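# Structure at a glance
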Amino acid sequence: IASWPKADTARQNKEIEDQFAGFQAVLGAIREIRNSQNIQQKEELTFTVRCDAGTAALLEPMQLYFTQMARATGTSWGPNATVPDIAASRTLPGKQGPIEVHVDVSRFIDVGAERKRLEKERVDLTKFIDSIDKKLSNAAFVDKAPAEVVQQQRDKLAELRSQLASTEASLKKLA
């Protein structure tokens with residue numbers, strides 16, 4: 001019986017691991033948006049990523065892989081990235097702050113149906129936020145629950161509020 005192999009930590013590169021994790025998250029968001037909008041795989045997409053400058057510096061060199069794996073081209077990266085007028089968006093948690101992925105869907109969208117979908121999403125997010133707010137405002141929960149569970153709920157609440165803000169911004173663009 002052989003012993004379990006040990007990892008050679010000298011060969012690990014934190015920057016490459018962070019770059020790949022960010023790439024996977026953004027690629028997944030693009031594919032999720034494509035599926036939720038019923039956009040065929042053969043259709044070319046354009047997208048923007050609003051994030052901190054450090055994350056943008058890691059993601060932008062990955063453009064070739066976005067093109068190959070999702071038929072999507074990044075048009076703008078970083079904190080000042082311009083968001084398309086009609087976009088489907090996802091907000092992802094990042095190590096250095098949220099990562100907002102905005103896919104231009106102006107060629108593929110039924111504005112009325114998208115508005116209806118976003119309004120439903122807003123209602124669902126609001127309900128979820130309210131339930132977590134009630135849980136966190138309950139002194140018994142906060143006092144009795146382990147600190148890490150309470151912090152997880154606070155983090156989830158912040159993420160949901162960010163998603164709600166993104167959804168409301170998308171609704172305003174469709175109005």
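Here's what I pulled together on the structure shown here. The model shown is predicted, which means the values in this text are computed figures rather than measured ones.

### Side note on the sheet that holds strand E2 (residues 72-77)
Spatial strand order, E2-E1-E4-E3: four strands in an open sheet with mixed pairing. The outermost strands of the open sheet, each flanked by one partner alone, are E2 and strand E3 (87-92). For this sheet, the mean angle separating the axes of adjacent strands, direction not counted, is 25°. Sheet contacts for helix H3 (residues 63-70): strand E1 (45-50) and E2; angle to E2, the most-contacted strand, approximately 145°.

### What about unusual backbone geometry?
We note that Asn 38 has phi near 55°; this positive angle belongs to a residue other than glycine. Considering the arrangement of structural elements, one finds Asn 38 in the loop between helix H1 (14-36) and E1. The backbone phi angle of Arg 71 is positive, close to 50°, even though this residue is not glycine. Mapped onto the secondary structure, Arg 71 falls in the loop between H3 and E2.

### Side note on the packing of helix H4 (residues 111-137) against helix H6 (residues 147-174)
One can describe the packing of H4 onto H6 by two numbers: an axis separation of 9 Å at closest approach and a directional angle of 155°. Classified by the angle their axes make, H4 and H6 are roughly antiparallel. In this structure, H4 meets H6 at a crossing whose hand is left-handed. A breakdown of the residues in the contact of H4 with H6 according to their chemical character gives 13 nonpolar, five polar and eleven charged.

### Points about the packing of aromatic side chains
Summed over all chains, the structure comprises six aromatic pairs. Ring geometry for Phe 20 versus Phe 23: centroids 6.0 Å apart, planes at 40°, classification tilted. You can see Phe 20 and its partner Phe 23 sitting in helix H1, three residues apart, about one turn around the helix. Classification of Phe 23 by relative accessible area gives buried; the value is 3%. Aromatic pair Phe 23 and Tyr 65: ring centres 6.4 Å apart, planes at 75°, arrangement edge-to-face. On the criterion of sequence distance, the pair formed by Phe 23 in helix H1 and Tyr 65 in helix H3 is long-range, its members being 42 residues apart. Put simply, the rings of Phe 20, Phe 23, Phe 47, Tyr 65, Phe 66 and Trp 77 touch in pairs and so form one group of aromatic residues. Taking NZ or CZ as reference, Lys 135 lies 5.8 Å from the ring centre of Phe 141, over its face.

So, how was this worked out
Residues numbered from 1 in each chain as written. Predicted model: local features only at pLDDT ≥ 70, side-chain atom pairs only at ≥ 80, totals over all residues. Heavy atoms only, no water. Pairing = 2+ DSSP bridges. Helix = DSSP H or I, 4+ residues; strand = E, 2+ residues; numbered from the N terminus. Axes fitted to C-alpha atoms, helices over the stretch in contact; angles between N-to-C directions. Contact = heavy atoms within 4.5 Å. Parallel < 35°, antiparallel > 145°, perpendicular 65-115°, else oblique. Left-handed = near helix turned anticlockwise from the far one by under 90°. Nonpolar A, V, L, I, M, F, W, Y, C, P; charged D, E, K, R; others polar. Phe/Tyr/Trp six-rings, centres within 6.5 Å; stacked < 30°, edge-to-face > 60°. Buried < 20%, exposed > 50% of the residue type's maximum accessible area, 1.4 Å probe, protein only. Lys NZ or Arg CZ within 6 Å of the ring centre and 35° of its normal.

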